[in-house]
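One-letter residues, chain by chain:
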Amino acid sequence: QVQLVESGGGLVQAGGSLRLSCAASGFTFSNYDMGWFRQAPGKERELVAGIKWSGGETSYINSVKGRFTISRDNAKTTVYLQMNSLKPEDTAVYSCAASALQYSTGTIYSENFGSWGQGTQVTVSA
């Protein structure tokens, strides 16, 4: 079955950096779009960044553009989220996710994701 295991979260001061990793197994990783979601207390889960199965296209929510970078290594079946210039409002549980659609074309939508990891806490202090 699909397994997604995140690592790399932690406590960091504002302006600092973290790199999240997500090791995937149980499916043909290179055929699926991948994404990073986050959920802060009292807020809805949101898709922060997505990357196409081919790795050639990425997308981000406006609040993280220029600060976060999503990437993938299909040989290692791992997706990454490099987070720079972190802000207190980035504090949340971050989860990676796999699309439910194989060889998906077009825009990456949050509704297309079907599997999530258990998440890793990211806390940014002021």
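Here, every reference points to the structure presented above.
Just so you know, these numbers come straight off a predicted model, no measurement behind them.

A. A look at the overall build of the protein chain. For the protein chain, the helix and strand inventory stands at zero helices and eleven strands. In the protein chain, the order of α-helices and β-strands from amino to carboxyl end is β-β-β-β-β-β-β-β-β-β-β. What you see for the protein chain is a C-alpha radius of gyration of 14 Å, in line with the 14 Å of a compact globule of 126 residues. Along the three orthogonal principal directions, the C-alpha set of the protein chain runs to about 40 × 30 × 25 Å. Looking at the protein chain as a whole, 43% of its 126 residues qualify as buried. For the protein chain, the share of sequence-separated contacts (at least 6 apart) that also reach a separation of at least 24 residues comes to 59%. Carbon and sulfur atoms make up 46% of the accessible area of the protein chain, which amounts to about 6400 Å² in all.

B. View of the nonpolar core. Judged by nonpolar contacts, the single largest core of 29 residues is most densely connected at Trp36, Val79, Leu81, Met83 and Tyr94. Mapped onto this core, the elements with two or more residues apiece are strand 3 (18–25), strand 4 (32–39), strand 5 (46–51), strand 7 (68–73), strand 8 (78–83), strand 9 (92–102) and strand 11 (120–125). The residues contacting Leu81, other than those within four sequence positions of it, are Leu18, Arg19, Leu20, Trp36, Ala49, Phe68, Thr69, Ile70 and Tyr94. One finds Leu47, Ala97, Ile108 and Phe113 within the second-largest nonpolar core, a separate group that totals five residues.

C. Molecular detail of the state of the cysteines. Applying the stated criterion to the full structure yields one disulfide. Note that Cys22 is cross-linked by a disulfide to Cys96, the S-S spacing being 1.9 Å. Here Cys22 is found in strand 3, whereas its partner Cys96 is found in strand 9, with 74 residues between them in sequence. The pair formed by Cys22 and Cys96 is uniform in burial state, with each residue classed as buried.

D. Just the pattern of salt bridges, in detail. Within the structure shown, the criterion is met by four salt bridges. Two residues, Asp33 and Lys52, come together in a salt bridge whose shortest N-O distance is 3.0 Å. Of this pair, Asp33 sits in strand 4 while Lys52 is found in the loop between strand 5 and strand 6 (58–60), placing the two residues 19 residues apart along the sequence. As a salt-bridge pair, Arg38 and Asp90 come within 3.0 Å of each other at their nearest N and O atoms. Residue Arg38 is located in strand 4, and its partner Asp90 is located in the loop between strand 8 and strand 9; the two are separated by 52 residues in the primary sequence. For the pair formed by Arg38 and Asp90, the shared burial category is buried. Put simply, Arg38, Glu46, Arg67 and Asp90 are held in one network by salt bridges that share partners.

Reading the values: rules and limits
Residues numbered from 1 in each chain as written. Predicted model: local features only at pLDDT ≥ 70, side-chain atom pairs only at ≥ 80, totals over all residues. Heavy atoms only, no water. Helix = DSSP H or I, 4+ residues; strand = E, 2+ residues; numbered from the N terminus. Rg over C-alpha atoms; globule rule 2.2 N^0.38 Å. Buried < 20%, exposed > 50% of the residue type's maximum accessible area, 1.4 Å probe, protein only. Contact = heavy atoms within 4.5 Å. Areas by Shrake-Rupley, 256 points an atom, 1.4 Å probe, with all protein chains shown as cover. Core = buried A, V, L, I, M, F, W, Y, C linked by side-chain atoms within 4.5 Å. Disulfide = S-S within 2.5 Å. Salt bridge = Lys/Arg side-chain N within 4 Å of Asp/Glu carboxyl O.

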